[in-house]
Amino acid sequence: MKKIALIPARYAATRFPGKLMQKLGDQTVILSTYRSTVQTGLFDDVAVVCDSDIIYKEITGNGGKAVMSRKEHECGTDRIAEALKAFPDAEIIVNVQGDEPFTSKEPMEKLLGVFEGDAGAPVQVASLMQMLSDPASIADPNYVKVAVDLQGNALFFSRSPIPYHRDKQTNPIYYEHIGIYAFRRQTLIDFTQLPVSPLEAAEKIECLRYLENGIRMKMVVTEYMGVEIDTPEDLVKAEQYLQNKG
């Protein structure tokens with residue numbers, strides 16, 4: 001199967017405008033994400049799909065590949081679907097969020113692995129999650145939580161803590177959704193034909209569109225890949241993570 005990674009990159013992010021062009025170490029966030037994705041060595045092609053000349057020039061000016069898209073899209077998945085015509089042979093498409101500069105090989109390998117063999121044949125879309133233990137993070141709406149069934153399929157995504165810990169004699173496991181998805185080609189195309197769903201609109205979580213339309217999403221547990229940059233505070237955490245990593 002031909003596998004590609006597409007990185008949706010919107011310049012005017014709602015919570016942190018221009019975040020992808022912020023410096024992280026000696027390069028921008030978006031360039032860090034692009035290079036770390038390429039360095040996994042897992043993909044036949046990697047490209048940033050952007051709505052801004054600023055980001056386009058940042059990637060291409062540093063030897064990378066970028067594709068322009070129109071500015072208005074409901075979510076990153078819609079943005080990469082627009083660019084899919086430039087990659088007619090791609091069978092598995094991985095959506096790597098532009099604010100995931102610490103993307104690494106091991107989680108990506110596990111994600112791609114769920115599509116392999118007879119067991120992977122029914123899988124149409126998959127994503128990553130990690131265990132979340134910090135109470136402040138569990139309560140923080142910037143951390144998207146996911147509840148799964150006993151086979152590891154997503155039941156619900158929310159910015160609220162799920163499950164609600166009513167019975168204090170139990171020890172529920174909380175998972176944070178890591179915003180990296182893998183799709184079969186037709187599933188990605190079909191996604192863009194679905195209208196924004198009610199729960200998706202309420203929570204502003206795009207993967208709820210799948211669940212509301214009865215499309216099963218396989219979740220893969222992994223160790224966290226670093227810091228997802230949603231806010232200026234996250235950028236500070238990312239700098240600290242980078243320094244500790246170095």
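Residues numbered from 1 in each chain as written. Predicted model: local features only at pLDDT ≥ 70, side-chain atom pairs only at ≥ 80, totals over all residues. Heavy atoms only, no water.

Points about the layout of surface pockets
For clarity, the cut-off: For each structure, a 1 Å grid was placed over the protein atoms alone; sets of points admitting a 1.4 Å probe that cannot get out are labelled cavities, open sets with protein on both sides within 12 Å along at least five of seven lines are labelled pockets, and lining residues have an atom within 4 Å of a point. Grid points are joined across faces, edges and corners, and a volume is the space filled by probe spheres set on the points. Amino acids are sorted into nonpolar (Ala, Val, Leu, Ile, Met, Phe, Trp, Tyr, Cys and Pro), charged (Asp, Glu, Lys and Arg) and polar (every other residue, Gly among them).
By volume, the second largest pocket is sized at about 170 Å³. Taken together, Ala-119, Pro-122, Val-123, Gln-124, Val-125, Gln-151, Asn-153, Ile-215, Arg-216, Met-217 and Lys-218 make up the lining of the second largest pocket. Residues that form the lining of the second largest pocket fall into these classes: 6 nonpolar, 3 polar and 2 charged.

Considering the pairing of strand S10 (residues 174–184)
Rules: Each residue gets one of three labels from its accessible area relative to the maximum for its type: buried under 20%, exposed over 50%, partly exposed in between, using a 1.4 Å probe on protein chains only. Helix and strand labels come from DSSP, where a helix needs a run of H or I of at least four residues and a strand needs a run of E of at least two; each type is numbered from the N terminus. For two strands to be treated as a pair, DSSP must find at least two bridges joining them.
For S10, the tally of buried residues reaches 11 of 11 residues, placing the bulk of the element in the interior. Here S10 shows no split at all, with Tyr-174, Glu-176, Ile-178, Ile-180, Ala-182 and Arg-184 on one side and Tyr-175, His-177, Gly-179, Tyr-181 and Phe-183 on the other all buried. Both strand S6 (residues 92–96) and S10 contribute to a ladder of 5 bridges, which runs antiparallel. Within S10, the position partnered with Val-96 by the bridge is Ile-180. Pairing between strand S7 (residues 125–132) and S10: 8 bridges, direction antiparallel. Looking across to S10, one finds that Gln-130 is bridged to Glu-176. Note that strand S8 (residues 145–148) and S10 share 2 bridges and pair antiparallel. Counted as the bridge partner of Val-146 is Tyr-175 from S10.

Digging into the pattern of salt bridges
Defined as follows: Salt bridges, as used here, are contacts in which a Lys or Arg side-chain nitrogen is within 4 Å of a carboxyl oxygen on Asp or Glu.
Summed over all chains, the structure comprises 7 salt bridges. We note a salt bridge from Asp-45 to Lys-65, for which the minimum N-O separation is 2.9 Å. Note that Asp-45 is positioned in strand S4 (residues 45–50) and Lys-65 in the loop between helix H2 (53–60) and strand S5 (66–68), a separation of 20 residues in sequence. Note that Glu-200 is salt-bridged to Arg-209, the shortest N-O span being 2.8 Å. Pair check on accessibility: Glu-200 and Arg-209 agree, each one buried.

Description of H2
This is how it is decided: Here the arc refers to the set of directions running from the helix axis out to each C-beta atom. Residues are treated as being in contact if the distance between any of their heavy atoms lies within 4.5 Å. Counted as a polar contact is a pair of N or O atoms within 3.5 Å, where, for protein atoms, one must be capable of donating a hydrogen and the other of accepting one, and residues adjacent in sequence contribute only when both atoms are in side chains.
Regarding H2, the residues found buried are Ile-55, Glu-58 and Ile-59. Buried residues in H2, looked at end-on, bunch into an arc of 90 degrees, giving them a common side. At its buried positions, H2 is contacted by strand S1 (3–9), strand S3 (27–28), helix H1 (29–39), S4 and S5. Capping of H2 at its N-terminal end is provided by Ser-52; its side-chain oxygen lies 3.0 Å from the backbone amide nitrogen of Ile-54.

Some details on the packing of helix H3 (residues 76–83) against helix H7 (residues 185–193)
What counts, and what does not: To obtain each axis, a line is fitted to C-alpha atoms, and for helices this fit is confined to the stretch in contact; angles are then taken between N-to-C directions over 0 to 180 degrees. Any angle that falls under 35 degrees is termed roughly parallel, while one over 145 is termed roughly antiparallel, one within 65 to 115 roughly perpendicular, and all others oblique. When the near helix sits turned anticlockwise from the far one by under a right angle, the crossing is termed left-handed; a clockwise turn instead gives a right-handed crossing.
The contact between H3 and H7 brings their axes to 9 Å, and the two run at 120 degrees. In terms of axis orientation, H3 runs oblique to H7. Here H3 runs over H7; the crossing is left-handed. Facing Thr-77, Asp-78, Ile-80 and Ala-81 of H3, the residues of H7 in contact are Leu-188, Phe-191 and Thr-192. Partitioned by chemical class, the residues of the contact of H3 with H7 number 4 nonpolar, 2 polar and 1 charged.

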